[in-house]
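One-letter residues, chain by chain:
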Amino acid sequence: MTAAAPLEVQSLTKHFPIGSAVRRAHVHAVDDVTFELRPGTITALVGESGSGKSTVARLLAHLDEPSSGAVLFEGSDVSHVRRRRDVLRYRSQVQIIFQDPFGSLNPVKTVRHHVERPLRIHRVVPSNQVEQRVHELLRTVGLVPPEDVAAKYPHELSGGQRQRVSIARALAVEPKVILADEPISMLDVSIRIGILNLMARLKEEHGIAFLYVTHDLASARYVADDILVMYAGQIVERGPIEDVLSEPLHPYTRLLLDAVPDPATKTDAQEIDLRKGDTSAAVDPSEGCRFRARCPLAIEICSQTTPQLVEARPRHAARCHVTAPAS
Amino acid sequence: MSQLDPTLDPALDLSLEAPRRIRRGFHVPGWLALLLSNTKSRLGLAMVGLVVVVAVIAPWISVADPNGFSLLAARQAPSWNHLFGTTDQGSDIFSQVVIGARRSLLLGFFAAALATSTAAVLGITAALLGGLVDDVVNVLINIFLVIPPIPLLVVMSGYVQDHGMTTMIVVLALVLWAFEARILRAQALSLKSRDFVDAARASGESTARIVFGELVPNMISRIAAAFVLVFYIALLVDAGLEFLGLADVSKTSWGVTLYWAQTNSTVLQGEWWPFFFPGAALAFTVLGLVLLLAGIDEFTNPRLRSEHKPHRSRLRMLFGGRLATREEGVS
Amino acid sequence: MTILVEQPSGSRRKTGLLELRGLAVEYGFGPRPARAVDGVDLALQEGEVLGLAGESGCGKTTIANAVLQILRPPARIAAGSILFEGEDILGKSTDDLRRYRWRNVSMVLQSAMNALNPVMRVGDQFVDAMRAHEKINRKRALARAGELLELVGIDHRRVSSYPHQLSGGMRQRVVIAMALSLEPELIILDEPTTALDVVVQREILQQVEALKRDFGFAVLFITHDLSLLLEFADRIAIMYAGEIVETAPAARLAENPQHPYTQGLLRSFPPLSGPLTPLTGIPGSPPDLRDPPTGCRFHPRCPHCLPEQADLYRRQTTERPTLRVIEQGHEVACHLVAEGAE
C-alpha cells in the first residue's frame, strides 16, 4: 500500500478561527479529507473558491499545519515534523506549484536563482554540475535556449514561461509528488494546454504523482485520471474522472457540470437554478449535509445527519443521502 | 457606476506582452544605472557628489585654521582673498563651510546608517516573526512616534554633557528610526504574504535566507529611500540644534557658523555673508538629497514613473543607449 | 499608418448603435509607440450581444476604454473615429462625455467588485451615483436601488449592507445593477466574471441575458474565454495583436472558424464530454506591439505559414491581410482564406 502511494492523506482537518475573541467562529476549511496520490497518476481536486481545495495543497506542502489528521509520506506521518532535517527530506520529495505566475517568482532574482536554489539546498548534484542541471531542467520544461532563459528576470518572461520556471523549480529536487495549485487559471487560454501537456508528460516520463487543484472541470478531464470534488471543506465525490463526469452522483458535481460553458453540448435550455445558499456552509457547520441549502434533491434526513462518503459504484463514492445512501 | 474605477491602469492590458529586454551595458552597476536613468536622482546624485568631493579635498582648499582669530581680517565682504568673506572674528567663512561639509556628511551618513539599520532589523524581524516580538516592536515604534522629536532633542542635548559627534549621531538615530521602522515593517508584511516567500519555504530555504536572500533584495530601494530621508533630516536637525546653541559651539560646522552669525547680529550690521554661505551649503546638500529621494521614489512607485517620455531618447544619446533599464526588477 | 488608408473604413456597413472606424490607440511616445489597437472596424447593432475575444494584451480592454473615453496617458487615440448613434464622440466636451458615459454607455470591469467603497452602505453608493447625474431625492433613489438589486437577484434589504458583507459574486451583481440604473443603451462587460466561480459566473450571465430581454440594451462582452462567448454572444469578433482577425455569428464561428488563430483558440478548450484528443493550444506567445511582425501579425505562430510554399509565405510575411467578407456576416483577415474564397 505504502509503496504504491507515496502520499496518503487521512482525515485531514484544518480549522481557521475567524471573528473577534468575543464572537469566535471556526471555518472548517478542510474537514475529514482522506485520499491518496499514486505514482504516475494525476488526481484532480475540484471545487469553488472557498471550498478548501487550496488549503489542502498548502497542508500537503507543509506550509500550514493541520488541526488534526495525518499526512503519511511513505508510511510515516509528516504533518507535524519540525526538525529541519526531516522537513528538508519531505520537501525533497513533495513540491508545490502556485497559482500566480507573477507572485511566485522573486522579482529581483534571475531564473537561474530560482531553479538552482533547490539543487543547492538539497545537494541534488555536486555544485560543479549545478549549472548544467539548471539548463537540463529548463529544457525539460520547454524553456529554450536555457542559457538565455537562465539569465532573465521574471518580468522578462510571459505568464506561461514563468509557470514553466515554477515547474522547473519543483522538478529540480526530483520529487515523487507535485502539488499544482491552479497552475493555469491565470494564464492565457492559448498557452494553458501547453502546461497541461507538460504535466501529463512529466507524469508519464517521471512517474510523478500530481495533485491538480483546479476549478476548471474541462481541464481536469483533459489531464487527470481521478477526481476529488470538494464542497465547503469536505470531499463530496471521488472516483475515476470519466465515471464522475459522465454520471455524477452528487448534486453539487452536477451543478458544476451544468455551469461550465461547453461549446460541444451547447443548449440554451441548460439554465441552472440560482443559488440559494452560500459557501459560508463551512463556518461552524451544524450536523447535516453542507450542500442542502442549495440542493434540489434535499430531503428531511439531509438536515439531520451528515452524509458519509459511500461507494455507490466501484471506486466511485459520493457524500449524499439521496444518490449514494449508506446501505 | 461603471466608471467607478477609471483608475484601472489601461497599460495593464499590455502587461503580458513580450517584456522589454535588459540591456546590460558598460560596467555601470545596476543600482547606479538606475539612479542615473532618472533625471531627478541624476541631478541629486551630482549635487551630493559635489559636496562629497568638496568635503574630501577640504584640507587642501581651506586655510590652516578655519576658526583663526584675526582682527585685521574681521568682517570682510566676499573677495578674492576670502571667497565667502570673514566672520567678526576674522575667520575665513569659505574654509568653515568646506570643513563644515565634512562634519555634516559624516554626521548625516552615520545617523542615517544607524537609524536605517535599526529600523530594518527591527521592522523586518517583527513582520516575519509576528506574535509577541511584533507587539513589542510595535509598542516601541509607537512610543517613539508620539514623542515630539525636536523638544526631545533639545532636552537630551541639554542633559548630555558630551556634545561630540557620536552622541549626536546616537541621539538623532534614536528619534528618527521609528518612522522608517514602521514603513519597512509594513512592506515586509506585504512581501511576506507573496507566493514567492512560500515558494522559497517549499524549496527548503531557511528563515534567515528567506529574509536576506529573498525579502531584503526586494526592499533595497525602500531601505535606500529611508536612508536618504534620515540623512537629510539629520542634517537639518543637527544644524538647527547648533543654530540654537544646543551643541558644542567651538567646533567647525555650518550650524555653528550660523550660530555665531546670529549671536553677533551680523545681519543687523549689513553683513549677509556669514548667514548666506553656510545656509546655502546646507540648502544645496539637502536639495540634492531630496532630489535623490524623489528619484528613488519614482522608480519604486510605478505610478510616479516618468518613463516613455521624450527625454529618454536624449538620455540614450548621453549614455550611448546602453543603460540597463531594470525598473521593473525593483518593485 | 499607410495601411489604415487601405482599409475599408466601414463604408459597407449601415450605421448601428456603436461603430468604430479605423480606430488606432497608441501607448507611449517617441519613435516606437506600441499600437495596442491598430485599425479596428467594428459595428454593434441595437440590442445585440457582441463578443470580443482575444488573449491578454491583444487590445480588447483598450477598445473598451476608448469607447468610454477613459483612456489615460500614455495611451491616446492615434487615428479613426468612434460613432455612437452616428455621432463621433471624439472631441466631445467634458460635460457631453459625462452625460454620454452615464446615459448611453456603462461599463462593468473585472475588478469592479473591488471598486465599491468599503466604508459606504451599498444603497448610499447607488444614491450618490444617481444624484450625481439627475435630480432625485434620497428616498426615491434608495427605493430604486432596492428594485435594481432585486433585478440582479439580490434581496432589496441588502441596500443597508456594506460591501464586505457581500460575496464576490454579489458585489459584481451590485455593480451590474448600478450600471443598469440609468437604463443605458450599451453595457460594456470587460471580463465581468473572470474572478468568479463557474456557478456564480453562470448565474450572473443568465441574469444579464434576462435583463437584456427586458431592457433591450446592447452588450459588448469582452473576455478571453471564447467558450463563454459561444454561448452568450450573438456575434463574435476575434482580436489578435491589436487587430480584428475574424468576425462571425457565434454559431458559425463555432462550426466553421476560418482564421488559424480562431481555430487555435477553439482547440485550446478541452471538451467536457465526448472523445478526448491531444490538444496543442497555440505555440509561441503574442508579439511585442512596439515591434509587431511584418505581414500577417499571426504568421510567426501560424501552423500554415511554411517557407516551402514560397509564394504564399512571401505574402504572409510581407503583406498585411485585410478583413474580407467570405459569407454574409463572416469576415476573415487571412491570406489562406482570401486565396480560396474570392
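Residues numbered from 1 in each chain as written. Chains lettered and ligands numbered in written order. Predicted model: local features only at pLDDT ≥ 70, side-chain atom pairs only at ≥ 80, totals over all residues. Heavy atoms only, no water.

**A few points about the overall build of chain C**
The cut-off we apply is this: Numbering of helices and strands runs from the N terminus; a helix is a DSSP stretch of H or I covering at least four residues, while a strand is a stretch of E covering at least two. C-alpha atoms define the radius of gyration, and 2.2 Å times the number of residues to the power 0.38 defines the globule rule. Note on definitions: a residue-residue contact is assigned when non-hydrogen atoms from the two residues lie within 4.5 Å. Computed by Shrake-Rupley with a 1.4 Å probe, the accessible areas treat only the displayed protein chains as cover when residues are assessed. Charge assignment in this entry is limited to Lys and Arg as positive and Asp and Glu as negative, and neither His nor the chain termini are counted. Lysine's charge is taken at NZ, arginine's at CZ, aspartate's at CG and glutamate's at CD.
Check the secondary structure of chain C and you find 12 helices and 12 strands. The globule rule puts the C-alpha radius of gyration for 342 residues at 20 Å, and the 21 Å found for chain C is close to it. Counting only C-alpha atoms and orienting by the principal axes, one finds that chain C spans roughly 70 × 50 × 35 Å. Across chain C, contacts joining residues at least 24 apart in sequence account for 63% of those joining residues at least 6 apart. Approximately 13,700 Å² of chain C is accessible, and the part contributed by carbon and sulfur atoms is 50%. The average position of the 38 basic charges and that of the 42 acidic charges among the side chains of chain C differ by 6 Å.

**Topic: the overall build of chain B**
Defined as follows: Three labels apply to residues, based on accessible area from a 1.4 Å probe with only protein chains included: buried if under 20% of the type maximum, exposed if over 50%, partly exposed otherwise in between.
Secondary structure summary: chain B contains 11 helices and zero strands in total. For chain B, the α and β elements follow one another from N to C terminus as α-α-α-α-α-α-α-α-α-α-α. Among the 331 residues that make up chain B, the fraction classed as buried is 48%. For chain B, contacts bridging at least 24 residues in sequence account for 71% of all contacts bridging at least 6. Summed over all atoms, the accessible surface of chain B reaches about 15,600 Å², with 69% contributed by carbon and sulfur.

**A look at the interface of chain C and chain A**
Interface extent is often summarised as the accessible area lost during association of the parts. Put simply, the test is: Throughout, buried area stands for the accessible area (probe radius 1.4 Å) lost by two parts on being put together, summed over both. Should a side-chain nitrogen of Lys or Arg be within 4 Å of a carboxyl oxygen of Asp or Glu, the pair is scored as a salt bridge. Polar contact is defined as a pair of N or O atoms within 3.5 Å, subject to the rule that within protein one atom must be able to donate a hydrogen and the other to accept it, and that residues adjacent in sequence are counted only when both atoms are side-chain atoms. The nonpolar class holds Ala, Val, Leu, Ile, Met, Phe, Trp, Tyr, Cys and Pro. Asp, Glu, Lys and Arg form the charged class, and all remaining residues, Gly among them, are polar.
Each partner contributes to the interface: chain C provides 34 residues, whereas chain A provides 35 residues. Roughly 3,300 Å² is buried in total at the junction of chain C and chain A, and carbon and sulfur atoms are behind 57% of that figure. By the criterion of area lost to chain A, the three top residues of chain C are C:Val199, C:Arg202 and C:Leu272, representing 22% of everything that side buries. The tally of links from chain C across to chain A stands at zero salt bridges. At the surface where chain C touches chain A, the tally comes to nine residue pairs in polar contact (both at pLDDT 80 or more). Elements with a minimum of two residues in the side of chain C that touches chain A: helix 7 (198–215) and helix 8 (226–232) of chain C. For the side of chain C that touches chain A, the leading source of residues is helix 7 of chain C, giving nine residues. For the side of chain C that touches chain A, a count of residues per class yields 14 nonpolar, 13 polar and seven charged.

**Some remarks on the nonpolar core**
Selection rule: Residues enter a nonpolar core if they are buried and are Ala, Val, Leu, Ile, Met, Phe, Trp, Tyr or Cys, with the set joined through side-chain atoms within 4.5 Å.
Counting 103 residues, the largest nonpolar core has A:Phe35 and A:Leu60 as its most contacted members. No other element matches the seven residues that helix 7 (residues 189–206) of chain A contributes to this core. Counting 102 residues, the second largest nonpolar core, distinct from the first, contains C:Leu18, C:Phe84, C:Val152 and C:Val208.

**Quick notes on helix 2 (residues 84–91) of chain A**
Under the convention used in this document: Working note: the arc is built from the helix axis to C-beta atom directions.
Burial in helix 2 of chain A covers these residues: A:Val87, A:Leu88, A:Tyr90 and A:Arg91. Looking straight down helix 2 of chain A, one finds its buried side chains confined to an arc of 160°; they lie on one side. Of the surrounding elements, those touching the buried residues of helix 2 of chain A are strand 1 (7–18), helix 1 (53–60), strand 4 (68–73), strand 6 (94–97) and helix 3 (111–121) of chain A together with helix 7 (195–203) of chain B.

**Let's talk about the sheet that holds strand 5 (residues 87–88) of chain C**
Residues and elements named next belong to chain C. To keep it simple, the criterion reads: Strand pairing requires that DSSP identify at least two bridges connecting the strands. Only the stretch in contact is used when fitting a helix axis, every axis being a line fitted to C-alpha atoms; angles between N-to-C directions are given from 0 to 180 degrees.
Ordered by their spatial adjacency, four strands build an open sheet running 2-1-4-5, and the pairing between neighbours is antiparallel. On the outer flanks of this sheet lie strand 2 (34–44) and strand 5, each paired with one strand and no other. Judged from the eight bridges that link them, strand 1 (residues 18–27) and strand 2 form a sheet pairing that is antiparallel. When the sheet's bridge partners are listed, Val 25 is paired in strand 2 with Val 37. Against the sheet, helix 2 (residues 60–67) touches strand 1, strand 2 and strand 4 (75–84), its axis set at about 115° to strand 1.

**Some thoughts on the packing of helix 7 of chain B against helix 8 (residues 207–243) of chain B**
Residue and element names in this part refer to chain B. We count it as follows: Here roughly perpendicular refers to angles of 65 to 115 degrees, roughly parallel to angles under 35, roughly antiparallel to angles over 145, and oblique to all remaining angles. Handedness of a crossing is defined here by the sense of rotation of the near helix relative to the far one, left-handed for an anticlockwise turn of less than a right angle and right-handed for a clockwise turn.
The interhelical angle for the contact between helix 7 and helix 8, taken along N-to-C directions, is 160°, at an axis separation of 11 Å. Taken together, the axis directions place helix 7 and helix 8 in an arrangement best described as roughly antiparallel. Handedness of the crossing formed by helix 7 with helix 8: right-handed. Within the contact between the two elements, helix 7 uses Phe 196, Val 197, Ala 200 and Arg 201 and helix 8 uses Ile 210, Glu 214, Leu 215 and Asn 218. Residue classes in the contact of helix 7 with helix 8 are distributed as five nonpolar, one polar and two charged.

**Examining the interface of chain B and chain A**
Contacts between the two partners involve 27 residues from chain B and, on the opposite side, 31 residues from chain A. Note on chain B versus chain A: buried area summed over both sides is about 2,500 Å², and carbon and sulfur give 51% of it. Seen at the junction of chain B and chain A, the total is two salt bridges. A salt bridge links A:Arg117 to B:Glu205, with the shortest nitrogen-to-oxygen separation between them at 2.7 Å. Counting across the chain B and chain A interface gives 12 residue pairs in polar contact (both at pLDDT 80 or more). Within the residue set of the side of chain B that touches chain A, elements represented by two or more residues are helix 7 and helix 8 of chain B.

**Notes on the pairing of strand 3 (residues 49–53) of chain C**
All names here are of chain C. The buried fraction of strand 3 amounts to five of the five residues, a majority that puts the element mostly inside the structure. Across the two faces of strand 3 the burial is the same, with Val 49, Gly 51 and Ala 53 and Leu 50 and Leu 52 all buried. Sheet analysis places strand 3 next to strand 9 (residues 235–240), joined by four bridges and oriented parallel. Looking at the pairing, Gly 51 lines up with Ile 236 of strand 9.

**Here we look at the confidence of the model for chain B**
Residues and elements named next belong to chain B. Convention followed: For every residue, the predictor assigns a confidence score, pLDDT, that lies between 0 and 100.
Here chain B averages 74 in pLDDT, while 77% of its residues score no lower than 70. Model confidence for chain B, summarised as mean pLDDT per element, is weakest for helix 11 (residues 311–318) at 38 and strongest for helix 7 at 90. Taken as a whole, residues 1–26 scores under 50 in pLDDT and shows 76 contacts with residues more than four places along the chain or in a different chain. Overall, residues 305–331 carries pLDDT values under 50, and its contacts beyond four positions in sequence, including any with other chains, amount to 58 contacts.

**Let's talk about the side chain of A:Arg91**
The topology assignment puts A:Arg91 in helix 2. It turns out A:Arg91 is buried and unbridged, and the closest side chain with the opposite charge, B:Asp198, is 8.1 Å from it. Among the polar contacts listed, one links the side chain of A:Arg91 to the backbone oxygen of B:Arg201, at a separation of 2.8 Å.

**Some thoughts on the sheet that holds strand 2 (residues 25–37) of chain A**
Residue and element names in this part refer to chain A. Ordered in space as 2-1-4-5, the four strands form an open sheet in which the pairing is antiparallel. Of all the strands in the sheet, just strand 2 and strand 5 (76–77) have a single pairing partner and so form its edges. Examined bridge by bridge, strand 1 and strand 4 share five bridges and lie antiparallel to one another. Paired with Glu 8 across the two strands is Leu 72, which belongs to strand 4. Across the sheet, helix 1 touches strand 1, strand 2 and strand 4, and the angle it forms with strand 1 is around 115°.

**Notes on the pattern of salt bridges**
Residue and element names in this part refer to chain A. Throughout the structure, instances matching the rule amount to 45 salt bridges over all chains. Notably, a salt bridge pairs Asp 31 with Arg 290, separated by 2.5 Å at the nearest N-O pair. One end of the pair, Asp 31, is in strand 2; the other, Arg 290, is in the loop between helix 10 (251–259) and strand 11 (310–313), and 259 residues separate them in sequence. In terms of burial, Asp 31 and Arg 290 fall into one category: buried. In this structure, Arg 58 and Asp 64 form a salt bridge, with 3.1 Å as the shortest nitrogen-oxygen distance.

**A closer look at the packing of aromatic side chains**
Going by this rule: Note on aromatic contacts: the rings of Phe and Tyr and the six-membered ring of Trp form a pair at centre separations within 6.5 Å, being stacked when their planes are under 30 degrees apart, edge-to-face when over 60 apart, and tilted otherwise.
Tallied over the full model, the rule gives 13 aromatic pairs over all chains. Look at C:Phe84 and C:Tyr100: their rings are 5.4 Å apart centre to centre, the planes differ by 80°, and that puts the pair in the edge-to-face class. One end of the pair, C:Phe84, is in strand 4; the other, C:Tyr100, is in helix 3 (residues 94–104), with 16 residues separating them in the sequence. Accessibility expressed as a relative area gives 4% for C:Phe84, which makes it buried. Residue classification places C:Tyr100 among the buried residues on the basis of a relative accessible area of 1%. An aromatic cluster is defined as three or more aromatic residues linked by ring pairs; in this entry it consists of B:Phe109, B:Phe110, B:Phe227 and B:Phe231.

**Details of the pairing of strand 10 (residues 234–240) of chain A**
All names here are of chain A. The element strand 10 is largely enclosed, with a buried count of six among its seven residues. As paired elements, strand 9 (residues 226–231) and strand 10 share six bridges and run antiparallel to each other. Note on strand 10: the bridge partner recorded for Asp 226 is Pro 240. Linking strand 9 back to strand 10 in an antiparallel pair, the connection comprises two residues, with Ala 232 at a positive phi of about 50°. Taken together, the two bridges between strand 10 and strand 12 (residues 316–318) define a ladder with antiparallel strand orientation. If you follow Arg 238 over to strand 12, its bridge partner there is Ala 317.

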